[in-house]
There are 2 protein chains.
Amino acid sequence: MSVKEKLAHRAATVESFLGACLKGRDIPERLLQSMEYSLLAGGKRLRPVLALSWCAMLGGDSAKILPFGASLECIHTYSLIHDDLPAMDDDDLRRGKPSNHKQFGEATAILAGDGLLTEAFVLMTEAGLKQGLSANRVLRAVNVLAQAAGSGGMVGGQAMDMEFTGRAGLAPLDELRRMHAMKTGALITAACECGAVLSGVGEDDIDNAREYGRAIGVAFQIVDDVLDVVGDEATLGKPVGSDEEQGKSTYPALIGLEKSKELAREYVDRAVKYLEAYSGDEQAFLTELARYIVDRVY
Amino acid sequence: MSVKEKLAHRAATVESFLGACLKGRDIPERLLQSMEYSLLAGGKRLRPVLALSWCAMLGGDSAKILPFGASLECIHTYSLIHDDLPAMDDDDLRRGKPSNHKQFGEATAILAGDGLLTEAFVLMTEAGLKQGLSANRVLRAVNVLAQAAGSGGMVGGQAMDMEFTGRAGLAPLDELRRMHAMKTGALITAACECGAVLSGVGEDDIDNAREYGRAIGVAFQIVDDVLDVVGDEATLGKPVGSDEEQGKSTYPALIGLEKSKELAREYVDRAVKYLEAYSGDEQAFLTELARYIVDRVY
């Protein structure tokens with residue numbers, strides 16, 4: 001199996017959990033439709049897969065932490081719905097379909113986002129109360145995710161991004177790095193960390209998970225910027241060159257295309273180092289997954 | 001001390017916790033300003049006070065659960081920010097000041113709401129990890145709050161309210177009741193329940209807290225509707241008669257003014273019954289608080 005197939009295989013478990021998780025809840029019909037419209041619109045399910053794989057590699061029972069994987073996807077999806085709103089990035093399309101507010105109207109889209117974010121915490125605490133996991137570990141995992149998703153993480157990163165967009169000239173590299181670390185890096189990092197925390201291992205292993213997540217998070221973002229210059233629209237999901245057109249601060253704009261590619265590779269090498277202490281199928285998969293991120297641009 | 005003074009006295013502890021809780025976090029400056037602008041804009045702090053008083057009355061250490069009180073206020077504040085948005089109720093004023101989006105723009109207001117909602121879960125899990133509370137009880141309390149705040153609670157209620165507004169004619173009484181139970185009742189109920197859960201008591205006491213919360217939640221909403229007809233603008237914070245003007249479905253519109261007042265009193269009597277098993281200062285306060293809700297309209 002290729003790494004892409006392995007990723008899809010693991011994502012399928014997450015997908016079926018997501019498809020069922022809102023059923024049976026007492027949610028007003030149209031709101032539920034709107035939430036599921038975005039939650040079940042596909043995607044690689046990278047964050048849940050990272051959490052499950054780290055948990056499994058470290059000896060945990062990844063089936064028990066599926067609700068945490070799903071909650072990562074709820075948080076990721078809510079952020080896309082709110083980012084697409086007219087007051088934010090004003091995007092009419094998401095994954096080739098009308099964005100949530102285009103389909104359901106702004107009010108419902110805002111509420112669908114709010115609902116998905118809150119649902120993440122329902123799912124995690126429910127699992128914590130029912131799955132026989134350590135309550136202390138669950139609390140810590142929820143804390144890790146909340147920190148990563150909140151104003152010191154993803155929400156803060158989006159706020160910085162909005163400020164950059166309104167500003168004349170390119171944001172300098174250190175601010176760009178901080179923005180990305182918050183906007184996209186924090187949740188990817190939290191996914192890995194939370195998988196480790198819930199597997200029940202000690203601090204050294206948790207540190208490795210966090211550092212691996214951080215490194216692939218940076219690599220992932222650089223590659224996204226590079227793909228905006230060299231990619232094709234089909235894999236990208238948006239017009240090639242749109243960042244440059246909008247005068248966006250990106251890695252290629254700040255350090256050039258070749259240097260960006262090199263830097264992405266360096267971060268992937270760094271990520272793989274944090275896997276050296278482990279072995280087995282999940283270790284192989286997490287290694288391939290890190291490499292796959294960069295290979296997309298070669 | 002009058003019940004109003006007692007409420008203010010208890011609220012002061014919450015107020016100072018709220019004033020400090022975002023300090024020291026790594027939040028982009030403007031986003032932080034926007035979050036604190038609404039979080040520290042005053043208000044009765046009813047929900048936190050309910051949680052603290054139920055916890056104290058049942059023998060718990062209310063100082064330890066201050067972060068849960070604060071998180072209730074974060075959730076309540078975020079809901080006000082999002083409800084005021086142009087796509088929702090489009091309100092320019094909140095507590096006599098420009099609403100959040102009028103002051104900071106829509107994008108920042110959406111993010112400030114998202115940030116406050118997420119911060120609630122940071123505060124609760126942090127307290128759970130540091131305050132020496134039972135991790136299991138904390139998980140349960142977080143679950144209670146998340147359920148109440150989410151698409152099966154507050155968010156769902158707002159979605160229903162938006163649907164009513166777009167509809168011709170008044171919504172029938174049973175739908176109005178369900179909408180209010182979700183939109184405002186759920187969080188008030190959760191405040192009481194969560195105070196009881198964290199005090200460490202058994203299921204009977206938790207049931208009493210939940211039922212007390214449910215009953216005052218209904219009374220509170222009826223009184224709000226009544227005040228819109230008979231109140232003065234200063235205590236109400238919005239023009240008298242605005243509900244009727246907007247053709248809103250309210251208790252007075254559906255069952256008449258006198259019947260509404262009677263019904264509110266019935267619900268308060270019901271609430272007070274759930275306090276009969278207890279005694280002491282907090283019991284007296286929670287009794288007075290329930291009566292105070294209705295006395296506002298007499």
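Our subject is the structure that appears above.
Treat the numbers as computed from the prediction; the structure is a model and nothing was measured. (Residues numbered from 1 in each chain as written. Chains lettered and ligands numbered in written order. Predicted model: local features only at pLDDT ≥ 70, side-chain atom pairs only at ≥ 80, totals over all residues.)

Asker: Teacher, can you tell me more about the environment of R296 of chain B here?
Answerer: All names here are of chain B. When you line up the elements, R296 lands in the segment after α15 (281–295). As a C-alpha pair, R296 and G231 span 65 residues in sequence and 8.9 Å in three-dimensional space. Discounting residues that sit within four places of it in the chain, R296 has contacts with V223 and L227. (Helix = DSSP H or I, 4+ residues; strand = E, 2+ residues; numbered from the N terminus. Contact = placed C-beta atoms within 7 Å.)

Asker: What is the right way to read the interface of chain B and chain A from this model?
Answerer: Accessible area lost on assembly of the parts is the figure often given for the size of an interface. Contact residues are listed per partner, giving 46 residues for chain B and 46 residues for chain A. Counting residues per element, the ones that place at least two in the side of chain B that touches chain A are α2 (29–39), α6 (106–130), α7 (135–149) and α8 (154–166) of chain B. For the side of chain B that touches chain A, the leading source of residues is α6 of chain B, giving 16 residues. Of the residues that constitute the side of chain B that touches chain A, the class distribution is 24 nonpolar, 14 polar and eight charged. (Nonpolar A, V, L, I, M, F, W, Y, C, P; charged D, E, K, R; others polar.)

Asker: Sorry if this is basic, but what is going on with the nonpolar core here?
Answerer: Most often, soluble globular proteins keep nonpolar side chains buried together rather than apart. Counting 198 residues, the largest nonpolar core has A51 and A219 of chain A together with A51 and A219 of chain B as its most contacted members. With near-sequence residues (within four places) excluded, A51 of chain B lies in contact with I65, F68, G69, L72, A191, C192, C194 and G195 of chain B. (Core = buried A, V, L, I, M, F, W, Y, C linked by C-beta atoms within 7 Å. Buried ≥ 20, exposed ≤ 12 C-beta atoms within 10 Å, placed from the backbone.)

Asker: How should I be thinking about helix α4 (residues 66–84) of chain B in this particular structure?
Answerer: Note on helix geometry: an α-helix contains 3.6 residues per turn, so any two residues three or four positions apart are oriented the same way. Spanning 19 residues, α4 of chain B covers 27 Å between terminal C-alpha atoms, matching the ideal 27 Å at 1.5 Å per step. Burial within α4 of chain B is extensive, with 18 of its 19 residues counted as buried. (Expected span 1.5 Å × (residues − 1).)

Asker: Before we go on, may I ask you to explain the relation of the copies chain B and chain A in this structure?
Answerer: One chain copy maps onto the other through a rotation about an axis and a shift parallel to that axis. Aligned on chain A, chain B shows an RMSD of 0.0 Å; the corresponding rotation is 180 degrees and the shift along the axis is 0.0 Å. Seen this way, the second copy is the image of the first under a two-fold rotation axis. Considering only C-alpha atoms, the part of chain B nearest the rotation axis is A135 of chain B, at 2.7 Å. Same-surface contact between copies: 100% of interface residues of chain B are shared with the interface of chain A. (Least-squares fit on C-alpha atoms with pLDDT ≥ 70 in both.)

Asker: I'm lost on unusual backbone geometry in this one. Help?
Answerer: Note: most residues except glycine have negative phi, and most peptide bonds are trans. Residue and element names in this part refer to chain A. Unusually for a residue other than glycine, R45 sits at a positive phi of about 55 degrees. The exposure class of R45 is buried, given the 23 C-beta atoms found within 10 Å. Phi at R95 takes a positive value of approximately 50 degrees, unusual for a residue other than glycine. As for its position among the elements, R95 is in the loop between β1 (93–94) and β2 (97–98). Overall, R95 belongs to the exposed group, with 11 C-beta atoms counted inside 10 Å.

Asker: Is there a simple way to think about helix α6 (residues 106–130) of chain A in this case?
Answerer: All names here are of chain A. Between its first and last C-alpha atoms α6 spans 36 Å; for 25 residues at 1.5 Å apiece the expected length is 36 Å, and the two agree. For α6, the buried fraction is high: 21 of the 25 residues fall into the buried class. Once α6 ends, the next one or two residues include G132, with phi positive near 70 degrees.

Asker: It is not clear to me how the packing of α6 of chain A against α8 of chain B should be interpreted in this structure. Could you clarify?
Answerer: If you want to describe how two helices pack, look at the angle between their axes and the distance between the axes. Running from N to C, α6 of chain A and α8 of chain B point in directions that differ by 165 degrees, and their axes come no closer than 9 Å. As far as their axial angle goes, α8 of chain B and α6 of chain A are roughly antiparallel. Two packed elements cross with a definite hand, and for α6 of chain A against α8 of chain B that hand is left-handed. The residues of α8 of chain B that touch α6 of chain A, namely those facing A107, T108, L111, D114, G115 and T118 of chain A, are V155, Q158, A159 and M162 of chain B. Considering only residue class, the contact of α6 of chain A with α8 of chain B consists of five nonpolar, four polar and one charged. (Axes fitted to C-alpha atoms, helices over the stretch in contact; angles between N-to-C directions. Parallel < 35°, antiparallel > 145°, perpendicular 65-115°, else oblique. Left-handed = near helix turned anticlockwise from the far one by under 90°.)

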